[in-house]
Amino acid sequence: MLKAGVLGAGHLGKIHLKLLQQSNKYELVGFYDPSKENAQKVFKEFGYHAFNSIEELIEAVDVVDIVTPTLSHFDCAKQAIEKGCHIFIEKPISDSSMGVQALINICHQNNVVLMTAYNLRFLPSLIEFKKQLQANKIGNIYSVRSEVGQYLPSWRIDKDYRKSVSSQKKMGGGVLLELSHEIDYILWIFGPIKWVKSHVSKQSDLDIDVEDSANIILGFKSNDGRELTASLNMDFIRHDTIRKCSVIGEKGTLLWNGISGKVEYFAKGSKDWETILSSSPDRDYTYTEEIKSFFSSIESNELPCISGDDGAYVVSIVEAIKKSSNTNSIVYLQT
């Protein structure tokens, strides 16, 4: 039986700890958190063994679940991979692309499974949305429009937003990395990006030192002579929480609403929306499914459905978006 440990015991780390304990396919041996105060709280609340260091945990396990602040993802993964541990790493894979590909190559060479945790891919509604597009529900696609936003102080009302990873540059915060789910699912559904054009900024008076708004145009690679583009708007400032994607095509419009869990279709010539799917799984569903998928990849010795390469590609897109905003120019991605 594989032995698993969790690095990081914050909000999401505690969710991972709870879910990892529920399977009989592996043994959860404990966790490490750099905050002794937080580690003690988690130990008292759940009873999980608290390791004294990252090194001590890595020596005791076969699988490492990394749920630390973004800025530490790379270093944690590097230590674990060098010990031959399989890696389940919370998104994004790193705050920078530097060194990530070399890390992925080591995984391939040593048969180490590395999965990037973009849990939205396991939402039934998003899976159905992609399925309908692949089935040519709206015919040729003309335009893609994605939007995500929520007022940062309202995300976790039990925690000071100013102390969160999202709000601090030194921890790898900002809308681009924190909300990179959107970039991942756009790539997953529509394919590789050819170029980006963006404006990234801090618009609000929130007490943060990272960007709170990003307005992005993505240009896709094309094989049929048409150039498909997507607009992506991300923010920490809107008071009406939103997560949706609409795709306009020759036969109508397909809409995914990540908040309501609905996929809807507005046919050409119609007067109203048709609901294709309405799904409301519980909060832990996608986390459970992605962990199952990860361990299935280890058992079958196959690449996970969201690979390290997928995670690295998202980071490269984030870097291109920042460069485009800084230079006020179109940035082309390497092919």
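This text gives an overview of the structure that appears in the document.

What counts and how
Residues numbered from 1 in each chain as written. Predicted model: local features only at pLDDT ≥ 70, side-chain atom pairs only at ≥ 80, totals over all residues. Heavy atoms only, no water. Core = buried A, V, L, I, M, F, W, Y, C linked by side-chain atoms within 4.5 Å. Buried < 20%, exposed > 50% of the residue type's maximum accessible area, 1.4 Å probe, protein only. Helix = DSSP H or I, 4+ residues; strand = E, 2+ residues; numbered from the N terminus. Contact = heavy atoms within 4.5 Å. Axes fitted to C-alpha atoms, helices over the stretch in contact; angles between N-to-C directions. Parallel < 35°, antiparallel > 145°, perpendicular 65-115°, else oblique. Left-handed = near helix turned anticlockwise from the far one by under 90°. Nonpolar A, V, L, I, M, F, W, Y, C, P; charged D, E, K, R; others polar. Pairing = 2+ DSSP bridges. Polar contact = N/O pair within 3.5 Å; in protein donor to acceptor, adjacent residues only side chain to side chain.

### With respect to the nonpolar core
Argument step 1. If you look at the biggest cluster of nonpolar residues, it comprises 77 residues, and the most contacted ones within it are Phe129 and Phe190.
Argument step 2. For this core, the element with the most residues is helix α8 (residues 181-190), which contributes 6 residues.
Argument step 3. Residues within four places of Phe190 in sequence aside, it is in contact with Leu133, Ile141, Val144, Phe220, Leu228 and Val247.
Argument step 4. The next biggest cluster of nonpolar side chains, apart from the first, holds 27 residues, and it includes Leu7, Val64, Ala80 and Leu114.

### Brief notes about the packing of helix α4 (residues 73-82) against helix α5 (residues 100-109)
Argument step 1. Interhelical geometry of α4 versus α5 gives an angle of 25° and a closest axis separation of 11 Å. The angle between α4 and α5 falls in the class roughly parallel. In this structure, the crossing between α4 and α5 has a hand that is left-handed. When α4 is examined against α5, the residues Phe74, Ala77, Lys78 and Ile81 are found in contact with a partner set consisting of Val100, Leu103, Ile106 and Cys107.
Argument step 2. For the contact of α4 with α5, the per-class residue count stands at 7 nonpolar, no polar and 1 charged.

### Side note on the sheet that holds strand β1 (residues 2-7)
Argument step 1. Strand order in the open sheet made by the 5 strands is β2-β1-β3-β4-β5, with parallel pairing throughout. The open sheet has two edge strands, β2 (26-32) and β5 (114-117), and neither has a second partner. Each strand axis lies, on average, 20° off the axis of its neighbour in the sheet, ignoring direction.
Argument step 2. As judged from the 6 bridges shared by β1 and β2, these two strands associate in the parallel manner.

### Re the side chain of Arg243
Argument step 1. Relative to the elements of secondary structure, Arg243 occurs in strand β10 (residues 242-249).
Argument step 2. At 2.7 Å, the side chain of Arg243 forms a polar contact with the side chain of Glu182.
Argument step 3. Those residues in contact with Arg243 that lie beyond four places of it in its chain are Leu120, Glu147, Val148, Leu179, His181, Glu182, Trp256, Asn257, Gly258 and Ile259.

### Observations regarding the pairing of strand β8 (residues 213-220)
Along a regular strand, successive side chains alternate from one face of the sheet to the other.
Argument step 1. The buried count for β8 comes to 6 of 8 residues, which makes it a mostly enclosed element.
Argument step 2. Where strand β7 (residues 193-201) lies against β8, 8 bridges are found, and the strand directions are antiparallel. Its bridge partner lying in β8, Lys197 is registered against Ile217.
Argument step 3. When β8 meets strand β9 (residues 229-235), the two strands line up antiparallel, connected through 7 bridges. Counted as the bridge partner of Gly219 is Thr229 from β9.

These figures come from the coordinates and say nothing about function on their own.
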